[in-house]
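Each chain is listed here by its residues.
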Amino acid sequence: MDGLWENFWAVAAWLALILSATSLFAWAVTFGSTVATFYLVIKHWRLREKGLAAERAALAQPLPPENDLPHVVVQIPTYNEGAMVARALDAACGLDWPRDKLHIQILDDSTDGSTLFARQEVGVRRARGCNVELIHRTERSDYKAGALANAMTMTPHGYFAILDVDYVPECDFLRQTMTCLLADPKLAFIQARFDYVNGEANELTRTQAVLLDAHLAIEQGTRCWAGHPLPFNGTCGVWRREAIEAAGGWRGGTLAEDLDLSYRAWRIGRRGSFLMSVPVPGELPETMKAWMTQQQRWTKGFGEVMLRLLWPILGDASLPWADRWKAAMHLGVWWSGLAWGVALPTGLIAILLGSPLRWPLAALLLGQLLVGYVALFVFLRAGNLSLRPGRTSLRQFMRDFFFVSRDLFRIGAVIGPAQREVIFGKRSEFVRTPKSTVVKAG
């Protein structure tokens, strides 16, 4: 029996060392992500005044005369969202652009019978003189990427405004985005900022609004101003056809076709630009189940693109090291969530097994938890102050931050399977984010 116990403790000691090393490595990844967060916040405030001034100057440039404006195709992908098509068409048909140069495509992959409803709504707008076309696919191959690529083959025009069916742009959306896109022939796309028609609907939508505001201001805004790779967000943007085709077109194979195309365009020198002052309101998921569906898809899609592109980018000798580092800082952040899920349990088990590194390990884990929590607070508050100055008091923000912290723990437990599927190469269906059936006023 004594020999058995000796063998057990010997194995436990080796296991403790292995787990300690694993936890320390994972901790290093999370620490790198924390440093990157602080870096972006500092960079944001250093560049904000100059960046917003450059944006105002870009928006103030004149458009070409009406007769010289290019044709623009507005693409509205939809899948079993028939109740929202009417509002989306009203917004698209109301865009301020020459009638003979505004073309609207409803890219309908629906399987629930709502195509009939969409066809009726298209007919109503066509009777009013709007150039609207319904493109229905019976096979949902390559999901949204496939729908966008298929629709491109049906028009010769050179500019594509992409709007998810739940987004409601103001009438000057094209005037503003096209002003910037036409002024700089090197730009591949212009990305407008998300806003929310239901940001105050409940605690969950407030949580999402706080998170997205920080993403849009601190991540998107700062990357644009600093010359980092800027990802297209899948909606509320305008692309040049030439840039899409030069980058290889819309491709399936991932659940994040927008991020994939953005990076392929960036690698050939075609960058995007972000307009913080041009908001486009859309709908946030109002239930935890709907939000989890969205976060699982985003997590998996980002990870699939990261595995597809990160290593080729790092090995691309044609790119400057600084650019490769900027891409790695962005794409590599995907590993931080997984690292947190590894560092904590392995560290705790190693400590319980009596690892000789248990005290340094405990100090590092506790320290990183505290610093990570502070980094999250700073990141979110910076986004809130930058995007909506004076709108939210510190007291109100602290309340929102409590709900953010609570809901992130819930999401963390759900996205783990999506991360494992990415690592093991398991493909899955593009599951759209469930939308409310109540059409809200824009």
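Note that the structure is predicted; figures quoted are calculated from it, not measured. (Residues numbered from 1 in each chain as written. Predicted model: local features only at pLDDT ≥ 70, side-chain atom pairs only at ≥ 80, totals over all residues. Heavy atoms only, no water.)

Let's shift gears to the sheet that holds strand 4 (residues 159-162). Across a sheet, paired strands are connected by hydrogen bonds in the backbone, their directions being either parallel or antiparallel. Taking strand neighbours across the sheet as the criterion, the seven strands line up as 3-2-1-4-6-5-7 in an open arrangement whose pairing is mixed. Looking along the sheet, the strands with just one partner apiece sit at the ends: strand 3 (132-136) and strand 7 (271-282). Averaged over all pairs of adjacent strands, the angle between their axes in this sheet comes to 25 degrees, without regard to strand direction. Both strand 1 (residues 72-78) and strand 4 contribute to a ladder of four bridges, which runs parallel. Directly across from Val74, in strand 4, lies its bridge partner Ala161. Contacts between helix 3 (residues 114-127) and the sheet are confined to strand 2 (102-108) and strand 3, with strand 3 contributing the most and set at about 160 degrees to the helix. Along the sheet, helix 6 (residues 203-226) makes contact with strand 5 (187-196) and strand 7, crossing strand 7 at roughly 155 degrees. (Pairing = 2+ DSSP bridges. Helix = DSSP H or I, 4+ residues; strand = E, 2+ residues; numbered from the N terminus. Axes fitted to C-alpha atoms, helices over the stretch in contact; angles between N-to-C directions. Contact = heavy atoms within 4.5 Å.)

What follows covers the side chain of Asp108. Mapped onto the elements of the fold, Asp108 is located in strand 2. Although Asp108 is buried, it makes no salt bridge; Arg119 carries the closest opposite charge, 6.6 Å away. Within the structure, the side chain of Asp108 is placed 2.8 Å from the side chain of Ser110, a separation counted as a polar contact. Polar side-chain contacts of Asp108 include one of 2.4 Å to the side chain of Thr115. In contact with Asp108, other than residues within four places in its own chain, are Thr78, Thr115, Leu134, Ile135, His136 and Arg137. (Buried < 20%, exposed > 50% of the residue type's maximum accessible area, 1.4 Å probe, protein only. Lys, Arg positive; Asp, Glu negative; His and termini not counted. Salt bridge = Lys/Arg side-chain N within 4 Å of Asp/Glu carboxyl O. Polar contact = N/O pair within 3.5 Å; in protein donor to acceptor, adjacent residues only side chain to side chain.)

Chain-level statistics for the protein chain give a pLDDT mean of 90 and a share of 94% at 70 or above. Per-residue pLDDT stays below 50 along residues 1-6; that stretch engages in zero contacts with residues further than four places along the chain or on separate chains. Segment residues 437-442 is flagged for pLDDT under 50; beyond a separation of four residues in sequence, or across chains, it makes eleven contacts in the model. (pLDDT = per-residue confidence, 0-100.)

What follows concerns the pairing of strand 2. In terms of burial, strand 2 is a largely internal element, seven of the seven residues being buried. By the alternation rule, side chains of strand 2 split into Leu102, Ile104, Ile106 and Asp108 and His103, Gln105 and Leu107, which are all buried. Relative to strand 2, strand 1 is paired through seven bridges, and the arrangement is parallel. Each bridged residue has a counterpart across the sheet, and for Val72 the counterpart in strand 2 is Leu102.

Another aspect to go through is the pairing of strand 5. Most of strand 5 is tucked away: ten of the ten residues are buried. As defined by bridge partners, strand 5 adjoins strand 7 across nine bridges and the pair is classed as parallel. The partner of Phe194 across the bridge, within strand 7, is Val280. Of the strand pairs in this sheet, strand 5 and strand 6 (residues 237-240) are connected by three bridges, and their pairing is antiparallel. Opposite Phe189, over in strand 6, you have Trp239 as the bridge partner.

Once that is clear, we can look at helix 9 (residues 288-314). Between its first and last C-alpha, helix 9 extends 37 Å over 27 residues, near the 39 Å set by a 1.5 Å rise per residue. Met306 marks where helix 9 bends most, by close to 30 degrees. (Expected span 1.5 Å × (residues − 1). Bend = angle between axes of the 7 residues up to and from the residue.)

In this section: the packing of helix 8 (residues 257-267) against helix 10 (residues 321-331). Put simply, helix 8 and helix 10 touch, their axes get as near as 13 Å, and they point 170 degrees apart. As judged from the angle between their axes, helix 8 and helix 10 are roughly antiparallel. Contacts from Leu259, Tyr263 and Trp266 of helix 8 reach helix 10 at Asp323, Ala327, His330 and Leu331. Of the residues in the contact of helix 8 with helix 10, the class split is five nonpolar, one polar and one charged. (Parallel < 35°, antiparallel > 145°, perpendicular 65-115°, else oblique. Nonpolar A, V, L, I, M, F, W, Y, C, P; charged D, E, K, R; others polar.)

All right, on to the nonpolar core then. Ranked by size, the top nonpolar core spans 90 residues in total, and within it Val74, Phe173, Leu174, Trp239, Trp250 and Leu380 carry the most contacts. Ranked by the residues each element gives to this core, the list is headed by helix 6, at eleven residues. In this structure, Ala256, Leu259, Phe302 and Val422 belong to the second largest nonpolar core, which totals 17 residues. (Core = buried A, V, L, I, M, F, W, Y, C linked by side-chain atoms within 4.5 Å.)

Considering all chains together, one arrives at 23 salt bridges under this definition. Put simply, Asp195 and Arg388 hold a salt bridge, and the shortest N to O gap is 3.0 Å. Highlighted residues: Asp195 in strand 5 and Arg388 in the loop between helix 12 (358-387) and helix 13 (394-423), separated in sequence by 193 residues. Judged by relative accessible area, Asp195 falls into the buried class, the value being 18%. For Glu242, the salt bridge is made with Arg270, and the minimal N-O distance between the two is 2.7 Å. Pair noted here: Glu242 is in helix 7 (residues 241-246) and Arg270 is in the loop between helix 8 and strand 7, with a separation of 28 residues, a long-range link. Overlapping salt bridges, with partners in common, bring together Glu203, Arg399, Arg406, Asp407 and Arg410 in one network.

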